[in-house]
Amino acid sequence: MDSLVDGGFPKDKCTFVTNRIAFSRLDASSDSHPFDASKTNLLIFGTYFKIKGCDIALKALEAIAEKYNIALNIITHHSEQTRAEVKETLGYEPAWVNYTPTTETIGDYYRNSQLLLMASRTEGFSYAVLEALYCGCPLIKSDLESMVYGFDGEKTITVPLTVEALRAKIEEMLTMDPVRRQAMTASFRRQVIEKYSISVWGAEILEKYQEIAPRM
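In this text the structure is predicted, and so the values were computed from the model without any measurement. (Residues numbered from 1 in each chain as written. Predicted model: local features only at pLDDT ≥ 70, side-chain atom pairs only at ≥ 80, totals over all residues. Heavy atoms only, no water.)

(A) Region of interest: the nonpolar core. Counting 59 residues, the largest nonpolar core has Leu 61, Leu 72, Tyr 110, Leu 117, Leu 166 and Ile 170 as the members making the most contacts within it. Once you skip the residues sitting within four places of it in the chain, Leu 166 turns out to touch Ile 56, Ala 57, Ala 60, Ala 119, Ile 140 and Val 159. (Core = buried A, V, L, I, M, F, W, Y, C linked by side-chain atoms within 4.5 Å. Buried < 20%, exposed > 50% of the residue type's maximum accessible area, 1.4 Å probe, protein only. Contact = heavy atoms within 4.5 Å.)

In structure tokens, the structure reads:
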């Protein structure tokens with residue numbers, strides 16, 4: 001909408017509806033145990049390695065991976081390329097990193113991860129944040145304006161994009177009291193469903209049509 005207005009369209013004739021998510025597809029499962037359950041499984045998207053902040057996440061985890069028995073599962077379309085980027089970042093190939101293929105049933109990955117790391121340097125509307133929270137996967141996200149959703153308690157999962165801040169927040173989340181953690185994930189899931197369900201999108205689209213119809 002902003003682009004249209006900047007391009008000369010009348011502002012009173014431009015509007016928008018925020019994208020929403022059909023959550024039912026996240027309930028599908030093809031592998032209920034995709035990761036080693038004996039590990040503390042963390043998840044990150046790695047096809048766009050630097051954009052997604054994989055280098056920052058690796059440096060944050062390097063000092064604590066053994067302490068917390070961490071396995072960082074990097075979802076990537078190109079495992080060998082990502083493997084090379086990991087080695088370039090750390091100077092060696094860490095045993096605590098796995099290269100995970102993409103999947104149509106991404107809910108399996110979220111449900112089996114203790115944390116999703118969204119250490120993005122840039123981001124548009126991130127479906128992954130909302131999908132993970134819907135699936136009950138806690139996450140840590142960088143403090144980009146495009147990844148602010150207006151949730152109660154959102155500051156607790158948002159950090160400045162530095163190695164030190166990310167490491168501190170990871171440790172805080174991994175050592176959180178289980179009762180508090182469960183309450184937090186339940187609250188975020190409820191808020192995600194209330195604000196970002198596809199039914200909300202449908203209602204807003206209908207409302208826009210009803211606004212426009214009398215003018216035609």
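(B) Fine view of the sheet that holds strand β3 (residues 97-100). The strand order β3-β2-β1-β4-β5-β6 describes an open sheet built from 6 strands, whose pairing is parallel. Each edge of the open sheet is held by one strand with a lone partner, namely β3 and β6 (158-159). Bridge analysis of strand β4 (residues 115-118) against strand β5 (residues 139-142) gives 3 bridges, and the strand direction is parallel. By the bridge assignment for β5, Leu 116 is matched with Leu 139. (Pairing = 2+ DSSP bridges. Helix = DSSP H or I, 4+ residues; strand = E, 2+ residues; numbered from the N terminus.)

(C) Expanded view of the pattern of salt bridges. With the rule as written, the count across this model stands at 10 salt bridges. Residues Lys 52 and Glu 123 are paired through a salt bridge, measuring 3.1 Å at the closest nitrogen-oxygen approach. Separated by 71 residues along the polypeptide, Lys 52 in the loop between β1 (40-45) and α2 (54-62) and Glu 123 in the loop between β4 and α5 (127-134) bring together distant segments of the chain. Judged by relative accessible area, which is 16%, Lys 52 ranks as buried. (Salt bridge = Lys/Arg side-chain N within 4 Å of Asp/Glu carboxyl O.)

(D) Local environment of the pairing of strand β2 (residues 70-75). For β2, a buried count of 6 out of 6 residues is recorded, marking the element as mostly surrounded by other parts of the structure. The parallel pair β1 and β2 is bridged by α2, and the resulting crossover is right-handed. Two strands pair when backbone bridges link them, and β2 and β3 are joined in this way by 4 bridges, in the parallel orientation. What sits directly across from Leu 72, in β3, is Val 97. For the crossover from β2 across helix α3 (residues 79-90) to β3, the handedness is right-handed. (Right-handed = clockwise from strand over helix to strand, strands pointing away.)

(E) Focus on α5. Among the 8 residues of α5, 7 are classified as buried, and the element is accordingly described as predominantly covered. Within α5, the full set of buried residues consists of Ala 128, Val 129, Leu 130, Glu 131, Ala 132, Leu 133 and Tyr 134.

(F) Quick peek at the side chain of Glu 154. Secondary-structure assignment places Glu 154 in the loop between β5 and β6. Separated by 2.8 Å, the side chain of Glu 154 and the backbone nitrogen of Gly 150 make a polar contact. Setting aside residues up to four positions removed in sequence, Glu 154 forms contacts with Lys 141, Met 147, Val 148, Tyr 149 and Phe 188. (Polar contact = N/O pair within 3.5 Å; in protein donor to acceptor, adjacent residues only side chain to side chain.)

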